[in-house]
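# Understanding the architecture of this molecule
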Amino acid sequence: MVREVMAIWREITITTRAATDFLEITGDLMADLQKSGVKTGMGTVFVPHTTAGVMLNENADPDVLYDLKQALDRIFPPSLNAAHAEGNSAAHLKAALIGSSVNLPVVEGRLRLGTWQGVYFCEFDGPRRRKLLVRWEGK
Amino acid sequence: MVREVMAIWREITITTRAATDFLEITGDLMADLQKSGVKTGMGTVFVPHTTAGVMLNENADPDVLYDLKQALDRIFPPSLNAAHAEGNSAAHLKAALIGSSVNLPVVEGRLRLGTWQGVYFCEFDGPRRRKLLVRWEGK
Amino acid sequence: MVREVMAIWREITITTRAATDFLEITGDLMADLQKSGVKTGMGTVFVPHTTAGVMLNENADPDVLYDLKQALDRIFPPSLNAAHAEGNSAAHLKAALIGSSVNLPVVEGRLRLGTWQGVYFCEFDGPRRRKLLVRWEGK
């Protein structure tokens, strides 16, 4: 079987709503996947920013995201006596731990996530306009 | 060189043994890789759960995993006064930091890991039956 | 469109300079990408070590990396009363959180990173000679 693919990177622009914001992008990704025509393969979401990240987490109870915000603020307090003088050092640290990309399985033309999983853009220095790079590789 | 690939996702079912459990899955992955026939390429392991993750870490001294459990419990204490009412908020937070997928190099039909590296399914809300999605992309 | 690819893994050897060292490898990766001839696709960097990782972060102000070192030392103090007897338990824990691989978009033959993003090898138990595995997949 020879594979024919069109695995280009596409940009999605989003607008975050707060200094820390976990913005669900699962719907945007599903729409983009459908446009790509990929039926079996893998999606990759890449965040081209240094004070934001991307992760999978529960999309049923918003309290999970509230708890995550509290926990990250406890680990990296905004009052952190940091060398980086722009006042957003904690945002860089949170982004480093959350990570800059996720891999997403594509099966039968759909995202094959777990029942409770959603994909979240993690804003740590907003609100702002932000970009995502998305690629669907497969056939 | 035209590549012929069969990069499908396969499910592996595992059973975790404790509330927090780092279960080595390197052997399961090696067996699955052999079935796939891929000789040069990349494996991706995806965890379709929101209270579990996957990582690489040392497989020689089990104390490393014991220390990781202690450290994560110190960062996210089970007694965490969390908004999420199901009592497993800390599990979601640990999963967010560990991450939901890993990339694995495949060279000459074998996993090309470091000498001391193993792949671990990270259970944070067990014991349970869990699923992994695995894909070998290459030729 | 049939894709012709040569997605092999190549090794890059680096030398870290301190116990904790965030060594920028963006330039090494750009040179390796050019050799590969890939124009559109994805790079993957994999770290075959258990006391080191790889991440993207800001490459403009070195204070960001200094702050990250301080924050990780606060979370995982070197004085950690750890079971693992080799004295580098904290290094394993930091590596687990930072992660062992990154995905990098390739567009028009170049790394398509954000304006302030660099790729960093994260040494937590140096100084040492270390290896990276790098793969450019695409056409």
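Residues numbered from 1 in each chain as written. Chains lettered and ligands numbered in written order. Predicted model: local features only at pLDDT ≥ 70, side-chain atom pairs only at ≥ 80, totals over all residues. Heavy atoms only, no water.

## Describing helix α1 (residues 26-36) of chain A
Residues and elements named next belong to chain A. What α1 keeps buried is the set Thr26, Leu29, Asp32 and Leu33. Along the axis of α1, the buried positions cluster into a sector of 125 degrees, meaning they face one direction only. Opposite the buried face of α1, by more than 90 degrees, sit the exposed residues Gln34 and Lys35. Two residues or fewer past α1, Gly37 is found with a positive phi of approximately 80 degrees. (Buried < 20%, exposed > 50% of the residue type's maximum accessible area, 1.4 Å probe, protein only. Helix = DSSP H or I, 4+ residues; strand = E, 2+ residues; numbered from the N terminus. Arc of directions from axis to C-beta.)

## With respect to helix α3 (residues 89-98) of chain B
The buried fraction of α3(B) is high, at 10 of 10 residues. Of the positions making up α3(B), those classed as buried are B:Ser89, B:Ala90, B:Ala91, B:His92, B:Leu93, B:Lys94, B:Ala95, B:Ala96, B:Leu97 and B:Ile98.

## Quick word on the sheet that holds strand β8 (residues 129-138) of chain C
Residue and element names in this part refer to chain C. If you walk across this open sheet you meet the five strands as β1-β8-β3-β5-β6, and the pairing is antiparallel. The sheet is open, and its two borders are formed by β1 (9-15) and β6 (110-111), each paired with just one other strand. Where β1 lies against β8, seven bridges are found, and the strand directions are antiparallel. Opposite Ile12, over in β8, you have Leu132 as the bridge partner. (Pairing = 2+ DSSP bridges.)

## Quick word on the side chain of C:Asp67
Within the fold, C:Asp67 resides in helix α2 (residues 63-75). Put simply, C:Asp67 is tucked away with no salt bridge, and the nearest opposite charge, on C:Arg74, sits 8.6 Å away. What C:Asp67 contacts, discounting residues up to four positions off in sequence, is A:Ala82, A:Ala83, A:His84, A:Ser89 and A:Leu93. (Lys, Arg positive; Asp, Glu negative; His and termini not counted. Salt bridge = Lys/Arg side-chain N within 4 Å of Asp/Glu carboxyl O. Contact = heavy atoms within 4.5 Å.)

## Considering the interface of chain B and chain C
With 32 residues of chain B at the contact, the number on the chain C side is 34 residues. When the two sides are added together, the surface that chain B and chain C hide from each other amounts to roughly 2,700 Å², 59% of it contributed by carbon and sulfur. At the junction of chain B and chain C, the tally comes to two salt bridges. B:Glu137 is the partner of C:Arg135 in a salt bridge, and the nearest nitrogen-oxygen pair spans 2.8 Å. Counting across the interface, chain B meets chain C through 10 residue pairs in polar contact (both at pLDDT 80 or more). Elements with a minimum of two residues in the side of chain B that touches chain C: β3 (41-46), β4 (52-58), α2 (63-75), α3 and β5 (101-107) of chain B. Ranked by residue count, the leading element in the side of chain B that touches chain C is α2(B), at nine residues. Broken down by class, the residue content of the side of chain B that touches chain C amounts to 18 nonpolar, six polar and eight charged. (Buried area = accessible area lost by both parts, 1.4 Å probe. Polar contact = N/O pair within 3.5 Å; in protein donor to acceptor, adjacent residues only side chain to side chain. Nonpolar A, V, L, I, M, F, W, Y, C, P; charged D, E, K, R; others polar.)

## A short note on the relation of the copies chain B and chain C
The operation relating chain B to chain C is a screw motion whose rotation component is 120 degrees, with 0.0 Å of axial translation and a residual RMSD of 0.0 Å. Here the transformation between the copies is reduced to the relation of a three-fold axis. Residues of chain B ranked by C-alpha distance from the rotation axis are headed by B:Leu97, positioned 3.5 Å from it. (Least-squares fit on C-alpha atoms with pLDDT ≥ 70 in both.)

## Points about the pattern of salt bridges
One pass over the full model with this rule turns up 27 salt bridges over all chains. A salt bridge links A:Lys94 to A:Asp73, with the nearest nitrogen and oxygen atoms 2.6 Å apart. Of this pair, A:Lys94 sits in helix α3 (residues 89-98) while A:Asp73 sits in helix α2 (residues 63-75), placing them 21 residues apart in sequence. Accessibility classification places A:Lys94 together with A:Asp73 in one group, the buried group. Residues joined by salt bridges that share partners form a network here, namely A:Glu11, A:Lys131 and C:Arg112.

## Brief notes about the relation of the copies chain C and chain A
For the pair chain C and chain A, the best superposition has an RMSD of 0.0 Å and corresponds to a rotation of 120 degrees with a translation of 0.0 Å parallel to the axis. In this assembly, only 19% of the residues forming the interface of chain C have copies in chain A that are likewise at the interface, indicating a heterologous arrangement.

## Section: the packing of aromatic side chains
All names here are of chain A. The full count for this structure, using the stated rule, is three aromatic pairs over all chains. Residues Phe22 and Phe124 carry aromatic rings whose centres are separated by 6.1 Å and whose planes lie at 80 degrees to one another, so their mutual orientation is edge-to-face. Here Phe124 lies in the loop between β7 (117-123) and β8 (129-138) and Phe22 lies in strand β2 (residues 21-24), a separation of 102 residues in the sequence. In this structure, Phe22 and Phe124 share a single accessibility class: buried. (Phe/Tyr/Trp six-rings, centres within 6.5 Å; stacked < 30°, edge-to-face > 60°.)

## Things to note about the interface of chain C and chain A
Counting residues at the interface gives 32 residues for chain C and 35 residues for chain A. For the chain C and chain A pair, buried surface summed over both sides reaches about 2,700 Å², with 59% attributable to carbon and sulfur atoms. The tally of links between chain C and chain A comes to two salt bridges. Those elements giving two or more residues to the side of chain C that touches chain A turn out to be β3 (41-46), β4 (52-58), α2, α3 (89-98) and β5 (101-107) of chain C. With nine residues, α2(C) is the single largest residue contributor to the side of chain C that touches chain A. Among the residues making up the side of chain C that touches chain A, the classes are represented as 18 nonpolar, six polar and eight charged.

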